[in-house]
Amino acid sequence: MTAIHHNTPDLFALSEIRGPVLRPADDGYVDEVTGFNLAALHTPDVVVGATGADDIVTALRWASATGTPVAVQATGHGANFPIDHGLLISTARMTDVRTDPD
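Residues numbered from 1 in each chain as written. Predicted model: local features only at pLDDT ≥ 70, side-chain atom pairs only at ≥ 80, totals over all residues. Heavy atoms only, no water.

A. Region of interest: the nonpolar core. L11, L14, I17, V46, V48, A50, A59, W62, A63, L87 and I89 together form the largest nonpolar core, which totals 11 residues. Of all the secondary-structure elements, those providing two or more residues to this core are strand 2 (46-49), helix 2 (53-66) and strand 4 (87-90). With residues up to four places along the chain from it excluded, the contact list for A50 reads D55, I56, I89, S90, R93 and M94. Counting residues in each nonpolar core, the second largest holds 7 residues, with Y29, V47, I83 and L88 among its members. (Core = buried A, V, L, I, M, F, W, Y, C linked by side-chain atoms within 4.5 Å. Buried < 20%, exposed > 50% of the residue type's maximum accessible area, 1.4 Å probe, protein only. Helix = DSSP H or I, 4+ residues; strand = E, 2+ residues; numbered from the N terminus. Contact = heavy atoms within 4.5 Å.)

And the structure:
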């Protein structure tokens, strides 16, 4: 596992996220970053387990404000380029689709 970079910004702004916000030493981190493609192992500084669009918006605003690189993983298919720092947003919890007919 990659150590947290010393310049990893404070995560207080991510406290509004409903899903888990994990760093490498946290329980659940390995499960959150591991997808189906075991040949591409991610080791981001922070992983957000998004539960909806609001979590993604908050995470992206934080990343933009702090200059943190971002990658997104749904289930791990297609994750051919692992990240070794930055923010990984996991969308695996987002399993519902809603449409507005209007």
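B. Expanded view of the sheet that holds strand 1 (residues 21-22). Strand order in the open sheet formed by 4 strands is 1-2-4-3, with mixed pairing between adjacent strands. Single-partner strands in this sheet number two, and they are strand 1 and strand 3 (70-73). Sheet analysis places strand 2 next to strand 4, joined by 4 bridges and oriented parallel. Among the inter-strand pairings, V47 is bridged to a residue of strand 4, identified as L88. Sitting on the sheet, helix 2 touches strand 2, strand 3 and strand 4, and the angle it makes with strand 4 is about 170°. (Pairing = 2+ DSSP bridges. Axes fitted to C-alpha atoms, helices over the stretch in contact; angles between N-to-C directions.)

C. A look at the side chain of E32. If you trace the backbone, E32 turns up in helix 1 (residues 29-33). For E32, the side chain forms a polar contact with the side chain of R93, separated by 2.7 Å. With sequence-adjacent residues up to four places away left out, E32 is seen in contact with P20, L22, V47, G49, Q73, S90 and R93. (Polar contact = N/O pair within 3.5 Å; in protein donor to acceptor, adjacent residues only side chain to side chain.)

D. Representation of the environment of V30. Mapped onto the elements of the fold, V30 is located in helix 1. Overall, the relative accessible area of 42% leaves V30 in the partly exposed class.

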